[in-house]
Amino acid sequence: MAQPVKAKIKSSSSSRTSQAQRAGCMQIIFKILGISLLCLIAFCVIRAFILYPYPKLPEPCDQQSDHQAITVETGIVDRFRAALTYKTISWSAGNYDRSELVRFREFIQKSFPTLHSSPLVKREIIANYSLLYEIEGADKSLKPYMLCAHMDVVPVERDKWNFDPFGGIVDGGFIYGRGAVDVKDALMGILEAIEFELRRGFKPKRTIYLAFGHDEEVMGKDGAVAIRDYLMAKGVQLEFILDEGTVILKEAIVGVPVEKVAIIGVAEKGYLTVKLEVQGEAGHASAVPYESTIVILSKALSKFNSHAHLDMFGTGPERSFFESLAPYANPVFKVILGNLWLFGWLYSRIVSLYPVGNAMVRTTSVVTVIDGGLKDNMIPTFASALINHRIHPSQTINDIVEYDKKIINDDRVNVSIVYGNEPAPSSPHDDNIFGYQSIKQSIQQIFPEAVVVPGIMIAGTDTKWYKPLTECIFRFSPLVIFKEEMILFHGHNERISIDNYVKAVNFYHHVILSADRSELPKPSVKDEL
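Rules behind the numbers
- Residue positions are given per chain, counted from 1 along the sequence in the order it is written.
- With the structure being a predicted model, the display of local features is reserved for residues of pLDDT at least 70 and the display and counting of side-chain atom pairs for 80 or more, all residues being used for whole-chain, interface and lining totals.
- The side-chain figures draw on all heavy atoms in the structure; neither hydrogens nor water molecules are used.
- Here a helix means four or more residues in a row that DSSP labels H or I, a strand means two or more in a row labelled E, and each is numbered from the N terminus.
- Relative accessibility thresholds used throughout: buried, under 20% of the residue-type maximum; exposed, over 50%; partly exposed, between the two (1.4 Å probe, protein chains only).
- By the convention used here, residues are in contact when the closest approach between their heavy atoms is within 4.5 Å.
- To pair, rings of Phe, Tyr and Trp, with the six-membered ring standing in for Trp, must have centres within 6.5 Å; the planes then decide the type, stacked if under 30 degrees apart, edge-to-face if over 60, and tilted in the middle.
- Both a distance and an angle decide whether a charge sits over a ring: NZ of Lys or CZ of Arg must be within 6 Å of the ring centre and within 35 degrees of the ring normal.
- Only the stretch in contact is used when a helix axis is fitted, and all axes are lines through C-alpha atoms; the angle between N-to-C directions ranges over 0 to 180 degrees.
- Working rule for angles: under 35 degrees goes down as roughly parallel, over 145 as roughly antiparallel, 65 to 115 as roughly perpendicular, anything else as oblique.
- Residue polarity follows a fixed list, in which Ala, Val, Leu, Ile, Met, Phe, Trp, Tyr, Cys and Pro are nonpolar, Asp, Glu, Lys and Arg are charged, and the others, Gly among them, are polar.

Student: What exactly am I supposed to notice about unusual backbone geometry here?
Tutor: Note: most residues except glycine have negative phi, and most peptide bonds are trans. The step from D182 to V183 runs through a cis peptide bond, and the omega angle for that step is -5°. Of note, V183 is situated in the loop between β8 (174-176) and α5 (184-199). With a phi close to 55°, A127 is a non-glycine residue in the positive phi region. Assignment of secondary structure puts A127 in the loop between β4 (121-126) and β5 (130-135). By relative accessible area, A127 is classed as partly exposed at 33%. Non-glycine residue N409 carries a positive phi angle of around 50°.

Student: Honestly, the side chain of R228 in this entry has me stumped. Any pointers?
Tutor: With respect to the helices and strands, R228 occurs in helix α6 (residues 223-233). Contact partners of R228, with chain neighbours within four places excluded, come to W465, Y466, P468 and L469.

Student: Would you mind showing me how to read the packing of aromatic side chains here?
Tutor: Think of a pair of aromatic rings as described by two things: how far the centres are apart, and how the planes are tilted against each other in angle. For the coordinates displayed, the defined rule picks out 18 aromatic pairs. Considering the side-chain rings of F80 and Y501, the 4.2 Å spacing of their centres and the 15° angle between planes classify their relative orientation as stacked. Here the residue F80 occupies a position in helix α2 (residues 76-83), and Y501 occupies one in helix α14 (residues 498-515), the gap between them amounting to 421 residues. An identical accessibility class is assigned to F80 and Y501; each is buried. Joined through ring pairs, the aromatic side chains of F313, F321, F322, F333 and Y347 make up one cluster. Stacked on the ring of F49, the Lys or Arg K334 has its end atom at 5.3 Å from the ring centre.

Student: I tried to follow the packing of helix α8 (residues 318-325) against helix α10 (residues 340-351) on my own but got confused; where do I start?
Tutor: To characterise two packed helices, one gives the angle between the axes of the helices and the distance between these axes. Direction vectors running N to C along α8 and α10 enclose 100°, while the axes themselves pass 12 Å from each other. Between α8 and α10, the interaxial angle falls into the category roughly perpendicular. Across the interface between the two elements, R319, F322 and E323 from α8 touch L340, W341, Y347 and V351 from α10. Of the residues that constitute the contact of α8 with α10, the class distribution is five nonpolar, no polar and two charged.

Set out below in C-alpha cells:
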C-alpha cells in the first residue's frame, strides 16, 4: 500500500515543478515584453524630441516697413462693402445672373482706375463674364505667376439671415454679406493690393496674371476652363498659382496648443456625385410588396454616413500636415505626431471625431437629394438619390464607385456617375519651391503668430482646371477661423471681421512683393522659444 502513495507524492511534486517552471517562463516573457515596451516608449520619446524640436523660425521677409501698408483709410472697407451688394449668384451649371456679373465688372473697372489705365496691364473678358488681367513684367526670363478668385456666390435663404445678405452691413466689427469669405474678400483683396502697388509706381520684374472666374460655385466649366484654354493657346507656363483654399485655423488642432495654424493647400480632394436608382412595379397601396422601391433605397442610403469610406491616413499629404505640427504639440501628442509610423491609426481615429479632421483622412459621403413616388396611395415605381463624395487624394473615381457598390451590396440598386473629377496631385512644397515659400513668408509677415504647414483643400476650387499650366498649385485664404465658424462658408450670416479683411488685403500685397524676385532669398534664422 505504501508504493502508490509514494507515486502520488512524486507525481504531485513533478506537477508543482512543471507549474513553477511555466510560471518562471511566463515571468521572463513578461519581463522581456515589459522591457521591450519601455524601450519602445523611450525610443519614441527620444525620436520625437530629437527629430521634432521646437523650431528655429526663419525671418518672414525683409519688407518690415510694409507690414500693414494698406489701411482702412485708403477706402478698402467701403469698396468691399459695395462689392458685396452685387447679387452675382450661380444656381447651376450655365445658370447664373449674367446682368449682375456685367454690373459687377463695371464696378471693378470704376473702383480700380489705375489698374485699368496702366500701360503695363492688359485685360481680357473671357467667356463673356470672366476676367483675366496680365501685368507685364520686365524680365521675360522669369515665369509668371497667377492669383485667382471668383466673382460668383451661392444662393441665400434670406429669412435665415440677421442682415440683408446683399447689404454690405457692418455690425460689431464684422462685415456681413454673401461672398464675405467665399470669396469676394480674396478677389477684392487682390485688386486692392495690385491697385496700391501700381499707384505707387510698382513695375514688376515677374509678369503677374489675375484670373477671376464667373461660375466657380457651379464647377467653373464656363469661366475657368475658358481661362485655361486661353492661356494654353498663348503657351503660358506659370511659376505657381495661388487660389482660394484652406484657412488659418484658430485653436482647432487636437494636441497642438498654438493659437493659429495656417494651412496651405498643396492638394485638393476630388469631386464625385453618384446617383442611386431603384425601379419597381406599379400597384395599389393596399397590396404592397415586402419592400417598396423607397424602402430598398433607404436601406442603401443608411450606409452612407461621413465615415462610410475607408480611413486613408498616411497615404496622402495629410501625414505631412500632421508631422509638420509635431514640433508645436504638447509632450504627449509630440510623441504621437512624431511617431505616426506607430501611432498613425490612433491619431487618425482622434481627428476623425471632428468633421474637418475626418475630411482630411478619408473620402466623405453625404446624401444630398432624394426623389421617389407620385401619390400617397400608389406603390412607388421608382426611387432615386444623389450622394456627393469628396475623394481623398490617394483614391480615384473608379475606387469610390466600386466601394459604393460593395457598401450597398444589393443588385436592385443601380449606381451611376452624374459628375466627377479626380483629386489634384500634391504640389511640391519643400524649402526650394519658390511659390510655396513666397506664400509661406507672406503669411508669416501678416500673421506672425501662425504656424504654417502644408495640407489638403477638402472642398473644390477653379484650380482643378489649371493643372496643365503648372505643377505648383496652392490654395490658401488668409482668414482666421475658429473650427465652429467653418459653417460660414455657404452658410447663413456669412461675415468677416474688418481687421481680418485689412490683413487679407495686406497679405496679397505682400505676396506680390515676395514673388517679385528671381529666386528665393537665403533666410536668416532666429530662435523663438
